[in-house]
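# Report on the structure
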Amino acid sequence: MAHRWTNDLTLADATPEAAFMNRRQIMAGMAGMGLATMAGGAQADEGLTPNTWDEVTSYCNFYEFGTGKGDPSANAHLMTTSPWSVEIDGLVDKPGSYSMKDILSAMTLEERIYRFRCVEAWSMVIPWQGFELADLLNMAGVQEGAKYVAFETLLRPSEMPGTAYRVIDWPYREGLRLDEAMHPLTIMATGIFGKPLPNQNGAPLRLVVPWKYGFKSIKSVVKITLTDKEPPTSWNMANAREYGFYSNVNPQVDHPRWSQASEKRIGGGLFAKRQPSLMFNGYEEEVAGMYEGMNLAKHF
Amino acid sequence: MQGVNALLRRVPVWAVYLLGALPAPYLFYLGLTGGLGVEPIEVLEHEYGELALQLLILGLAVTPLRRHIGLNLLRFRRAIGLLTFFYVTCHLLVWLVLDVQILGQIWADILKRPYITVGMAGFLLLLPLALTSNNWSVRRLGPGWRKLHRATYMAAVLGALHFVMLVKGFQIEPLIYLGLVGLLLLLRAPVRRLRTA
């Protein structure tokens, strides 16, 4: 299933931590769609550099472990991630509980280097490993009539100190339209930098939707439901005025409390320059077609 | 408490200014050297803001502490007030220079974003108080000085509200600050009524 999409980040973007991954990606790119990765792109010319392991694993939002950026890396070790299974239900041919082992044996892992843009106006570039969500959904057999996919994060208060407070209505829930879920850019990640996902980054299995704000990329997924109705999503439930169902990265539509026109790349230190945010986080060419004719200011 | 007060009388006020101001350059140094994590701007902004709020609350606590527990911090109240203003200014400067960076957006933010409007209003309220925190102004303004400096109450409410409004989801910490400010203002209310009666 791999190679339906190829990165526009080049070897020149790599830090030592990610260099080995880029080499593999270039090889994969050559084998697949030709020399697309060599062509570079507008984004690559801006000098994007993948973030470091420390940056990606120490600066996280995972409110089940606390609301501070450092809380997840301090507390997430409490979470048991093995054994792990994902309940897939709703409008599917083969509903049931799929163990991590079953899932991994059926999927082909590949590398994806994506921009990651948080709704709080910071961003990173992260080398993920994972598989396309479409492959997982096809394994369960999506039925006619399914229009949306709902996701749920593990809720285990004994291992999640942050859930002692009702910061949001637990368990954490997210959702996608079916076409978004089936899009080749949408992956379920199992690792970063060639290593298994650290718990604070959503082990053992998380969604990554690179053209949407980070909170859509739900972590530590235990449940996936195919449905015909737009599912309720956590931040939208908490504050519908600020967080829409779609939450596509859009520099023209501000969050009510801050501008989304620019972002801070993590890793620039105290004097990091803001940089302009990109429509659909730089994936406009790949995904804009899904939203043709939609008023994106209304469906933010 | 008598002993504590006697001890406090021997603490020179300049030492309070010095110790109180020290965290500002220290935090900045930590931010430069990686001590504040991978996104130091946000942390520095937050630390300065939170210190300002804590000092604002300490300033409000001086009178009730003396009245209800007998602890006398009156000698240090001006230092506490000026340090509050110092940290609010640091907080504002980090936001302007390091965080938002874009001049046009700063204005837009102040006007368009209620939590920034509220924070800015708090800062503007503190400005005349800082400017009149000298003996000459106290003499010059007479009874008007006390009245003017009651703006601290409003600034404290705005500061705590600013914090409550800026967090995501339902969070406890900013509500504790707002609660403390409310409590300290309530402690004043009945006594003032008695005095004017």
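Residues numbered from 1 in each chain as written. Chains lettered and ligands numbered in written order. Predicted model: local features only at pLDDT ≥ 70, side-chain atom pairs only at ≥ 80, totals over all residues. Heavy atoms only, no water.

It is worth spelling out the overall build of chain A at this point. Broken down by element type, chain A carries 10 helices and 12 strands. Taken over 300 residues, chain A has a buried fraction of 59%. Here the analysis covers contacts within chain A between residues at least 6 apart in sequence; of these, 72% occur between residues at least 24 apart. Surface exposure of chain A reaches about 11800 Å², of which carbon and sulfur atoms provide 54%. (Helix = DSSP H or I, 4+ residues; strand = E, 2+ residues; numbered from the N terminus. Buried < 20%, exposed > 50% of the residue type's maximum accessible area, 1.4 Å probe, protein only. Contact = heavy atoms within 4.5 Å. Areas by Shrake-Rupley, 256 points an atom, 1.4 Å probe, with all protein chains shown as cover.)

Compared with the 22 Å implied by 1.5 Å per residue over 16 residues, the 23 Å span of helix H10 (residues 151–166) of chain B between its first and last C-alpha is a close match. For H10(B), the full list of buried residues reads Ala151(B), Thr152(B), Ala155(B), Ala156(B), Leu158(B), Gly159(B), Ala160(B), His162(B) and Phe163(B). (Expected span 1.5 Å × (residues − 1).)

Bringing the confidence of the model for chain B into the picture now. On average, residues of chain B carry a pLDDT of 93, and 96% of them reach 70 or more. Within chain B, helix H11 (residues 172–196) of chain B has the poorest average pLDDT of any element, 83, and helix H3 (residues 23–32) of chain B the best, 98. (pLDDT = per-residue confidence, 0-100.)

With 26 residues of chain B at the interface, the matching set in chain A holds 31 residues. Approximately 2400 Å² of surface area, both sides summed, lies buried where chain B meets chain A, with 55% of it carried by carbon and sulfur atoms. Three residues stand out in chain B for area buried against chain A, namely Val38(B), Arg113(B) and Lys168(B), and they jointly supply 31% of the buried area on that side. On inspection of chain B and its partner chain A, the count reaches 7 salt bridges. Salt-bridge contacts for Lys264(A) lead to Asp99(B); the nearest nitrogen and oxygen are separated by 3.4 Å. (Buried area = accessible area lost by both parts, 1.4 Å probe. Salt bridge = Lys/Arg side-chain N within 4 Å of Asp/Glu carboxyl O.)

Here the focus is the side chain of Glu110(A). Residues and elements named next belong to chain A. As for its position among the elements, Glu110 is in strand S3 (residues 110–117). The class for Glu110 is buried, based on a relative accessible area of 12%. Within the structure, Glu110 has its side chain in polar contact with the side chain of Arg112 (distance 3.2 Å). (Polar contact = N/O pair within 3.5 Å; in protein donor to acceptor, adjacent residues only side chain to side chain.)

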